[in-house]
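Geometric and topological summary
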There are 2 protein chains.
Amino acid sequence: MKNFIGIDIPEYIEGYGKVIPFQGAYENPVIKKKNGVRESAVGPNENKVLESIDEALDKANIKDGMTVSFHHHLRNGDYVLNMVMERIAARGIKDITVAASSIFPVHAPLVEYIKEGIVTQIVASYISGPVAKAISEGLLNKPAIMQTHGGRGRAIESGDIHIDVAFVAAPAADNYGNINGLYGKSACGALGYAIADCQYADKVIAITDNIVPYPNCPIEISQIYVDYIVPVESIGDPEGIVSGTTKITKDPVGLKIAKMAAGVMKASGLIKNGMSFQTGAGGISLAVAQELKDIMIKEDIKGSFASGGITGYIVDMFREGLFEYLFDVQCFDLKAVESYSQTHKHQRMSASMYGNPHNKGAVVNNLDIVILGATEIDTNFNVNVTTGSDGAIMGGSGGHSDTAAGAKLTIIVSNLMKARLPLIKDKITTVNTPGETIDVLVTERGIAVNPRRQDLIEKLKATNLPVMSIEELKSISEKLTGKPKDIETEDNIVAVVEYRDGTVIDVIRKTK
Amino acid sequence: MKNFIGIDIPEYIEGYGKVIPFQGAYENPVIKKKNGVRESAVGPNENKVLESIDEALDKANIKDGMTVSFHHHLRNGDYVLNMVMERIAARGIKDITVAASSIFPVHAPLVEYIKEGIVTQIVASYISGPVAKAISEGLLNKPAIMQTHGGRGRAIESGDIHIDVAFVAAPAADNYGNINGLYGKSACGALGYAIADCQYADKVIAITDNIVPYPNCPIEISQIYVDYIVPVESIGDPEGIVSGTTKITKDPVGLKIAKMAAGVMKASGLIKNGMSFQTGAGGISLAVAQELKDIMIKEDIKGSFASGGITGYIVDMFREGLFEYLFDVQCFDLKAVESYSQTHKHQRMSASMYGNPHNKGAVVNNLDIVILGATEIDTNFNVNVTTGSDGAIMGGSGGHSDTAAGAKLTIIVSNLMKARLPLIKDKITTVNTPGETIDVLVTERGIAVNPRRQDLIEKLKATNLPVMSIEELKSISEKLTGKPKDIETEDNIVAVVEYRDGTVIDVIRKTK
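Residues numbered from 1 in each chain as written. Chains lettered and ligands numbered in written order. Predicted model: local features only at pLDDT ≥ 70, side-chain atom pairs only at ≥ 80, totals over all residues. Heavy atoms only, no water.

Attention now moves to the overall build of chain A. A tally of regular secondary structure across chain A gives 15 helices and 27 strands. Here the C-alpha radius of gyration of chain A, 22 Å, is about what a compact globule of 512 residues would show, namely 24 Å. By principal-axis analysis of the C-alpha atoms, chain A measures approximately 70 × 55 × 40 Å. Residues counted as buried form 66% of the 512 residues belonging to chain A. (Helix = DSSP H or I, 4+ residues; strand = E, 2+ residues; numbered from the N terminus. Rg over C-alpha atoms; globule rule 2.2 N^0.38 Å. Buried < 20%, exposed > 50% of the residue type's maximum accessible area, 1.4 Å probe, protein only.)

What follows is the structure, given as structure tokens:
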């Protein structure tokens, strides 16, 4: 069958199950009840602190076929996933599903567990490095499931993913399980991606390298959700915890794109008092924030909130009074961690509050402007940030689809060519974000507006910005790069790309 | 059948259902899954702000037989319950269950709705005033259900109470439903009793007299739980919102009792660095806090946390560094509201986090000492704070049973006689808190220790405190008051008293 954006999807995928095809960004064909999780009564005088991960695995009765979950606030510095999986593997347990909010190169040991059948399924919102390569090569027994950040919250809440045991990397925990990410040698800030795991898993185990006196305030994850606490020497490498991508681009082309994007924002009329804004942590996206900052200062504009993974650049804008509040699902650097610990106006949010389409209104719904990147985009404005032009997995939506669906103005900023390959194609390798949620593409050679946004096209006519059709932009780039060859893949489906509502927007096939 | 404390309970109660008898404070015979509530997808550009309560009732599809819930942070100043019930009554709707965390004299209009069959059941943790009288006289169609604060959280989470529509009195709300109790003319502080309602009701409607710009931070109740917001002129009377009971007693007898209680605390060895403490807002209880304060200052002791409904007296101890943290489920006065808004060390908690026995560990489990009152106590240390000596409802457990079960040392402070009636009886009118969770009774004429606590009896021998058996204390008081007559009641059960785990610890019968 073909889904709403014309992609052929099987009705049933072995190892995944019955497919609900994507039916449009705002259709939500299946809204479920929330999952009713088991209560576990912990009375007075019960001790929650255990000696070792093995003791925790015993207490959680870990066994074949279970789903274990992890979150990625320690990013490429995370030790917890590997530590836990090493002990699970040592028990000879098989057929584990790893539901991790993201997987990074540091998680390379998973490849061996995949080969051995210890891990047979992976569910994540972003996968890069050796695990992504292994999945793309067809080594994983069942297709991986790629979700959005909000979609993961939805899936856990609805029971689409039932987590047997959630593992929380806890930079600070007390002996009763109150957790935050603010203090200690592995401080990482907000823990938004771990919230649904803790609320909906049958068992929750905190792994910490920093036991603090009870009660550990502010409490981001409450004692009422945590079964056990396991103290370890170290939960992560501080060098890897702080992302290396959060620097404004110095490339003149990137800066030009940022200036053009600022022009679009200005023309849209959305830069005004009370505005809200989100941008990614990529170099061009941060340059757009810098442009916005200059405009806001010059025109004395006070925004309402900025959201997302929060970087020091956004904290600077917040501190200068350009935004009154921050909604933070993960802190990208230590300046963000510090800010979050200092004021309640820098507010944490769970992944569900951030982007779940099936709660009573996510934060993305109140976004005016979001700036996003793209690996590929087609002439219907469908976007790929999941696979590279070789067809292999190298990322994932994360909050891309969530913010695009929510924001009043979604702008993709990108160079027209990437490593001599064209950005714009007739058919892109993978679609994770549907074109109906993308408003504008800004490249160094021109700006294309989604024809759905005639209002915006009108507004841009009054500027001297180089607006053209996306087909024209494609022609320009093809003159430079030539028409790219279609990627050849095998038939085997190695990953299923779920839209935020749980429908299937695309599948990823084995690379040749 | 007889339950664990020897009270005759029917196996089935008409209008309540099958009875699970109380089986001991830590038995938890029935631990359920959490209730899986309906998700409601709210997308971008949907408006949540409605014109009137009537519009909200239309949207929530209110109908016969539904359960509506309220919380009592506005106490005897609350306008919201009456405003909503007036509109429900005006529709000719029948057979409504009112699940209110507490009911006060201000809610007198409910009596008329009870008579008319509009309200046929009431579930609450505390009921005083005309509604209590009406229930005691048998006017309510089904037996009322009296719960503890933690038990109410448990019942809502487990689905024992399924709330169709929850109404939240919101001192500050934005147009997307982020709520706190900190700001505006009806500021009342922490909203701990409303949290389970918002998380587990099918529909959540905020009634507010203070719409603030989005986002309303700090967020105590999140937009993801709130369906609609209804602005009204006023949600409450500030005079009634701040409780009148939070004054230290000036009665010399009360002060003597407080001093003796302090002596017991000191002898117990629990007054030490890292200690935790809770006391009620009654005059003697607050005098005990004053005594504790003097000891802590004198002996340079730094406590960990104080919890409960927080009063200005406890805030003073917190500000002086005697407690490092406060866990707050409701603020009793404006000093508490102010403190809660100023620092994350004054931490909110939900009723479930406070006292639910079926989560992974409530705050009460970490309490060292709690000071509680009593209307009556029997020689097995079972306590009544629910009915008066005429057998009529005039209160309820609230957090009484929760804290008694959790704390290492539970002390009842009370005058030996109340309005010429004896405190200690062979058989008390109603049992809400089982004697196995009470350690010590302190009266002006002597101190009785529960024989289960031989360790404490040994420690008190080393002091010059007047320790005696509870039977001896009873004799002393009966010499003064005479032996009271048993209260005569009809057979009809007008209320079922649930222990925190949902078992039935007692029933209340119609007054003669």
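We now examine the pattern of salt bridges. Following the criterion strictly, the structure yields 64 salt bridges over all chains and no others. Note that Lys425 of chain A is salt-bridged to Glu376 of chain A, the shortest N-O span being 2.6 Å. Of the two residues, Lys425 of chain A is situated in strand 22 (residues 424-425) and Glu376 of chain A in strand 17 (residues 376-378); the sequence distance between them amounts to 49 residues. Glu376 of chain A carries the same exposure label as Lys425 of chain A, and that label is buried. Two residues, Asp8 of chain B and Lys2 of chain B, come together in a salt bridge whose shortest N-O distance is 3.4 Å. On the accessibility criterion, Asp8 of chain B (45% relative accessible area) is partly exposed. The exposure class assigned to Lys2 of chain B is exposed, which follows from its relative accessible area of 57%. (Salt bridge = Lys/Arg side-chain N within 4 Å of Asp/Glu carboxyl O.)

Looking now at the pairing of strand 23 (residues 440-443) of chain B. All names here are of chain B. Here strand 23 shows two buried faces, one formed by Val440 and Val442 and the other by Leu441 and Thr443. As paired strands, strand 19 (residues 409-413) and strand 23 are joined by three bridges and run parallel to one another. Considered in strand 23, the bridge of Ile412 is made with Leu441. Note: strand 23 against strand 24 (residues 446-449), four bridges, orientation antiparallel. Across the sheet, the residue bridging to Val440 is Val449, located in strand 24. If you look at the hairpin formed by strand 23 and strand 24, you'll find two residues sitting between the two strands. (Pairing = 2+ DSSP bridges.)

Moving on, we come to the sheet that holds strand 18 (residues 383-384) of chain A. All names here are of chain A. In space, the three strands of this open sheet follow the order 18-17-22, with mixed pairing throughout. Looking at which strands have only one partner, the edges of the open sheet turn out to be strand 18 and strand 22. Pairing of strand 17 with strand 22, which is carried by two bridges, proceeds in the parallel orientation. Within the sheet, the bridge partner assigned to Asp378 lies in strand 22 and is Lys425.

The subject of this paragraph is the packing of helix 8 (residues 252-268) of chain A against helix 14 (residues 454-461) of chain A. Residues and elements named next belong to chain A. The contact between helix 8 and helix 14 brings their axes to 9 Å, and the two run at 105 degrees. Judged by the inter-axis angle, helix 8 sits roughly perpendicular to helix 14. For the pair helix 8 and helix 14, the contacting residues are Val264, Ala267 and Ser268 in the first and Leu456, Lys459 and Leu460 in the second. Among the residues forming the contact of helix 8 with helix 14, the class breakdown is four nonpolar, one polar and one charged. (Axes fitted to C-alpha atoms, helices over the stretch in contact; angles between N-to-C directions. Parallel < 35°, antiparallel > 145°, perpendicular 65-115°, else oblique. Contact = heavy atoms within 4.5 Å. Nonpolar A, V, L, I, M, F, W, Y, C, P; charged D, E, K, R; others polar.)

What follows deals with the domain arrangement of chain A. All names here are of chain A. Split into domains, chain A comes out as domain 1 (60-241) and domain 2 (252-490). Once you take the C-alpha centre of each, domain 1 and domain 2 turn out to be 28 Å apart. Across the boundary between the two partners, domain 1 contributes 32 residues, which contact 30 residues of domain 2. Together domain 1 and domain 2 conceal approximately 2,300 Å² of surface at their shared face, both sides included; 60% is due to carbon and sulfur atoms. The interface formed by domain 1 and domain 2 holds 17 residue pairs in polar contact (both at pLDDT 80 or more) in total. Every element with two or more residues in the side of domain 1 that touches domain 2 is listed here: helix 4 (130-136) and helix 5 (149-158). The greatest single-element share of the side of domain 1 that touches domain 2, amounting to six residues, is contributed by helix 5. Residue composition of the side of domain 1 that touches domain 2, grouped by class: 14 nonpolar, 14 polar and four charged. (Domains from an automatic or database assignment. Buried area = accessible area lost by both parts, 1.4 Å probe. Polar contact = N/O pair within 3.5 Å; in protein donor to acceptor, adjacent residues only side chain to side chain.)

With that settled, consider the environment of Ile248 of chain A. Residues and elements named next belong to chain A. Its place among the elements puts Ile248 in the loop between helix 7 (238-241) and helix 8. By relative accessible area, which is 22% here, Ile248 ends up partly exposed. Separated by 35 residues in the primary sequence, Ile248 and Gly283 have C-alpha atoms spaced 4.4 Å apart. Discounting residues that sit within four places of it in the chain, Ile248 has contacts with Gly283, Leu286, Ala287, Gln290 and Tyr313.

With that settled, the discussion passes to the interface of chain B and chain A. At the junction of the two partners, chain B supplies 59 residues and chain A supplies 59 residues. Summed over both partners, the interface of chain B with chain A buries about 4,800 Å², with 53% contributed by carbon and sulfur atoms. At the surface where chain B touches chain A, the tally comes to two salt bridges. Its salt-bridge partner being Asp227 of chain A, residue Lys360 of chain B comes within 2.7 Å of it at the nearest N-O pair. The tally of links between chain B and chain A comes to 29 residue pairs in polar contact (both at pLDDT 80 or more). Secondary structure elements with two or more residues in the side of chain B that touches chain A: strand 10 (203-208), strand 13 (303-310), strand 14 (323-331), strand 15 (346-348), helix 12 (351-355) and helix 13 (400-406) of chain B. Of the residues that constitute the side of chain B that touches chain A, the class distribution is 26 nonpolar, 21 polar and twelve charged.

At an RMSD of 0.0 Å, chain B and chain A line up after a rotation of 180 degrees and a shift of 0.0 Å along the axis. Look at the turn and shift together and you get a two-fold axis relating the two. Taking C-alpha positions as the reference, the residue of chain B nearest the rotation axis is Gly36 of chain B, at 2.1 Å. The residues that chain B uses at the interface reappear at the interface of chain A in 100% of cases, marking a shared surface. (Least-squares fit on C-alpha atoms with pLDDT ≥ 70 in both.)

We now examine helix 14 of chain A. Residue and element names in this part refer to chain A. Among all positions of helix 14, only Leu456, Ile457 and Leu460 are buried. Down the axis of helix 14, the smallest arc covering the buried residues is 105 degrees, so these residues share one side. Packed against the buried residues of helix 14 are helix 8, strand 19 (409-413), strand 23 (440-443), strand 24 (446-449) and strand 25 (467-468). (Arc of directions from axis to C-beta.)

As a further point, take the pairing of strand 19 of chain A. Residue and element names in this part refer to chain A. Within strand 19, five of the five residues are buried, leaving the element largely enclosed by the surrounding structure. Residues Leu409, Ile411 and Val413 of strand 19 are buried on one face, and the alternating residues Thr410 and Ile412, pointing to the opposite face, are buried as well. In the sheet, strand 16 (residues 369-372) pairs with strand 19 via four bridges, with the strands oriented parallel. Counterpart to Val370 in the pairing with strand 19 is Thr410.

With that out of the way, let us pick up the sheet that holds strand 3 (residues 67-70) of chain A. All names here are of chain A. Read from one edge to the other, the open sheet built from nine strands follows the order 11-10-7-3-4-5-6-26-27, with strand pairing classed as mixed. Two strands in the sheet have a free side with no partner beyond their single neighbour: strand 11 (228-231) and strand 27 (504-511). Each adjacent strand pair in this sheet contributes to an overall mean axis angle of 25 degrees, direction not counted. Of the strand pairs in this sheet, strand 6 (residues 144-146) and strand 26 (residues 489-498) are connected by three bridges, and their pairing is parallel. Considered in strand 26, the bridge of Ala144 is made with Ala495. Where helix 2 (residues 80-90) meets the sheet, it contacts strand 3, strand 4 (96-100), strand 5 (119-124), strand 7 (165-170) and strand 10 (203-208), and its direction lies at approximately 160 degrees from that of strand 3.

All names here are of chain B. According to the relative accessible area criterion, Glu376 is buried, its value standing at 1%. Remark: the alpha-carbon pair of Glu376 and Asp164, spanning 212 residues in sequence, is separated by 36 Å. Apart from the residues within four sequence positions on either side, Glu376 is in contact with Asn382, Val383, Asn384, Ser389, Leu423, Lys425, Ile428, Thr429 and Thr430. A distance of 2.5 Å separates the side chain of Glu376 from the side chain of Lys425, its partner in a polar contact.

Bringing the packing of aromatic side chains into the picture now. The full count for this structure, using the stated rule, is 18 aromatic pairs over all chains. Between Phe4 of chain A and Phe22 of chain A, the ring centres sit 5.9 Å apart and the planes meet at 85 degrees, which makes this aromatic pair edge-to-face. Placement of Phe4 of chain A in the segment before strand 1 (12-13) and of Phe22 of chain A in the loop between strand 2 (17-18) and helix 1 (53-59) is noted, with a sequence separation of 18 residues between them. A residue is classified by how much of its surface remains accessible, and Phe4 of chain A, at 49% relative accessible area, is partly exposed. Ring-pair connections join several aromatic residues into one group, and the members of that group are Tyr176 and Tyr214 of chain A together with Phe305 and Phe327 of chain B. Against the face of Tyr176 of chain A rests Lys48 of chain A, its NZ or CZ located 4.3 Å from the ring centre. (Phe/Tyr/Trp six-rings, centres within 6.5 Å; stacked < 30°, edge-to-face > 60°. Lys NZ or Arg CZ within 6 Å of the ring centre and 35° of its normal.)

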